[in-house]
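Fold and geometry: a report
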Amino acid sequence: MTPAIKLTGRLLDALSVTAPPLARRLAWELFRRPVRRARVHPHEQAAHAAAVREDYTVDGLRVAGYRWGDGDRPVLLLHGWSSRGSRFAALATELAKRGHTAIAVDAPGHGDSGGDSTTVPQYARLVHAIQQRHGDFRGIAGHSLGVLTAFHALRTGVRADAIVTVSGIADFGHLLTEFARRLRLRPPVTDDVRRRLEKLLGDDDIWTRLSSDHQPEHVTQPLLILHDADDDFVGVDHAHRLHQAYPHSELVITEGLGHRGVLADPRIFGPAAEWLSARAGAAPLRRPPTAPAPAR
């Protein structure tokens, strides 16, 4: 835990006693907005500069997009919270070398895009807008929050041949649980953030319907789950939960990589590119749409 997180947590704890309304409002703003816009890392700059820039629009916001390669159908790359599309530079470059087109975006409120924040449903609407322009995806690869977005987009009509998850979040509620744990929020403050999020997204069922393992019978594409055992933000139990929900998936556990920076490691982008090249285009597994979810 960084000193800044510890200091923020102490401040919120003090305000919870002396000024509860201020504590609740501050906690909400910290939860809903990225702390800062991620910059392009030095090792990403060459690939970032080589990308063809193409913008999109979602909910009236301009979204920065990046395209590499000249394949017939794109592989879509979805970054996580407080991140940006350039984090997929290594995977995008590898996919382009293999003859594929790779597309990444900076989600609203991230990177070079407009807005000050995003939600999983809005991020998924952006995925639909990209599909409208480019057609069905050869594959989708997501990291962290991007995994929640990928599954929600697929359940709402986006079409892709294969899926790769990296450090994927299985349970939507983990976002709030981990936020509260790191800042050591008092229960009333956490509950207030929960109510605000439910109001923003329209109902209190978001904790189920926005989880990655919700309605697994509707996502039957080949699935590769990549996760590091030393991930300190999304525990490896999320990978096992996804693997249980999607019994046709393949699970690969690495060690020593953590949560951030994994996309630049050849132990991640190499297998992901190879697997996508081999699996993309395969027919989805045939399962009745009413099939029950696997037992937890």
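Above this note sits the structure.
What comes next concerns the included structure. (Residues numbered from 1 in each chain as written. Predicted model: local features only at pLDDT ≥ 70, side-chain atom pairs only at ≥ 80, totals over all residues. Heavy atoms only, no water.)

**Considerations on the environment of Ile-268**
In this structure, Ile-268 sits in helix H11 (residues 266-279). Judged by its relative accessible area of 3%, Ile-268 falls in the buried class. Spatially, the C-alpha atom of Ile-268 lies 37 Å from that of Lys-199, the residues being 69 residues apart in sequence. If sequence neighbours within four positions are ignored, Ile-268 has contacts with Val-166, Leu-226, Thr-254, Leu-257, Val-262 and Leu-263. (Helix = DSSP H or I, 4+ residues; strand = E, 2+ residues; numbered from the N terminus. Buried < 20%, exposed > 50% of the residue type's maximum accessible area, 1.4 Å probe, protein only. Contact = heavy atoms within 4.5 Å.)

**Regarding the pattern of salt bridges**
For the coordinates displayed, the defined rule picks out 24 salt bridges. Here Arg-53 ties to Asp-55 by a salt bridge, and the two come within 2.9 Å at their closest N and O atoms. Residue class for Arg-53 comes out partly exposed when judged on its relative accessible area of 42%. Residue class for Asp-55 comes out partly exposed when judged on its relative accessible area of 31%. The network of salt bridges with common partners includes Glu-29, Arg-32, Arg-33 and Asp-116. (Salt bridge = Lys/Arg side-chain N within 4 Å of Asp/Glu carboxyl O.)

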